[in-house]
Amino acid sequence: MGQKINPIGFRVGVIRDWDAKWYADKKEYVPALQEDLRIRKYLETNLKDAAVDRITIERTEPTRINLTIHTAKPGIVIGRGGADVERLRSELSKIVDTYKGQHKRVTINIVEIRKPD
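Residues numbered from 1 in each chain as written. Predicted model: local features only at pLDDT ≥ 70, side-chain atom pairs only at ≥ 80, totals over all residues. Heavy atoms only, no water.

### Remarks on the overall build of the protein
Counting its regular elements, the protein contains four helices and four strands. The order of helices and strands in the protein, counted from the N terminus, is α-β-α-β-β-α-α-β. A principal-axis box enclosing the C-alpha atoms of the protein has dimensions of 50 × 40 × 20 Å. Within the protein, residue pairs in contact and separated by at least 24 positions form 57% of the contacts whose partners lie at least 6 positions apart. Total accessible area computed for the protein in this model is approximately 8,500 Å², and 52% of it derives from carbon and sulfur atoms. (Helix = DSSP H or I, 4+ residues; strand = E, 2+ residues; numbered from the N terminus. Contact = heavy atoms within 4.5 Å. Areas by Shrake-Rupley, 256 points an atom, 1.4 Å probe, with all protein chains shown as cover.)

As C-alpha cells, then:
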C-alpha cells in the first residue's frame, strides 16, 4: 500500500513557498484563517478571466494585509488607469474584519507571469 501525500505539502520548502505568510495566536488564528478564505473566494470569483496562478497573503501587522496576485494577464486585474485595482481594494476592505476598532489596510501587488505555459 502506497502512502498518499498532498503534492503541495510535499513541495513546500523545497521548490514551492507557502501561500500564506503570517502567524497568529490561538485567539486570532481562526478569524484570520476565515478572512483568508473569504479573500481567496472573492478573488477567485471576480478574477476568473485574469488567469490567476497564485494568491499570496501576508500579514505583517495586525492592521495590514499584503496581497500578491500572480497572474498571466495583469491588464485585466489592473484595469484602465488602475480603476479595477482600486475597486478591488475597496471591496476587500469591506470583506475583512476590523482589529480592535481599526480598519485593516489592504495592499495589492500584482506580479506578471512571463511564461504562463
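There is more to say after this.
### Observations regarding the nonpolar core
With 16 residues, the main nonpolar core has Ile 39, Leu 43, Leu 47, Leu 67, Leu 88, Leu 92 and Ile 108 as its most contacted residues. Sorting the residues of this core by element identifies α2 (26-46), β2 (52-61), β3 (64-71), α4 (83-95) and β4 (105-112) as the ones contributing at least two each. If we ignore the near neighbours within four places in the chain, the residues touching Leu 92 are Ile 39, Tyr 42, Leu 43, Leu 67, Val 106 and Ile 108. (Core = buried A, V, L, I, M, F, W, Y, C linked by side-chain atoms within 4.5 Å. Buried < 20%, exposed > 50% of the residue type's maximum accessible area, 1.4 Å probe, protein only.)

### Focus: the pattern of salt bridges
For the structure shown, the criterion picks out nine salt bridges. One salt bridge connects Lys 21 with Asp 17, and the closest N-O pair in it is separated by 2.9 Å. On the accessibility criterion, Lys 21 (36% relative accessible area) is partly exposed. Across the pair Arg 38 and Asp 97 runs a salt bridge, and its minimum N-O distance is 3.3 Å. Of the two residues, Arg 38 sits in helix α2 while Asp 97 sits in the loop between α4 and β4, which places them 59 residues apart along the sequence. Relative accessible area serves as the criterion here: at 33%, Arg 38 is assigned to the partly exposed category. For Asp 97, a relative accessible area of 35% puts it in the partly exposed group. (Salt bridge = Lys/Arg side-chain N within 4 Å of Asp/Glu carboxyl O.)

Structural measurements only, silent on function.
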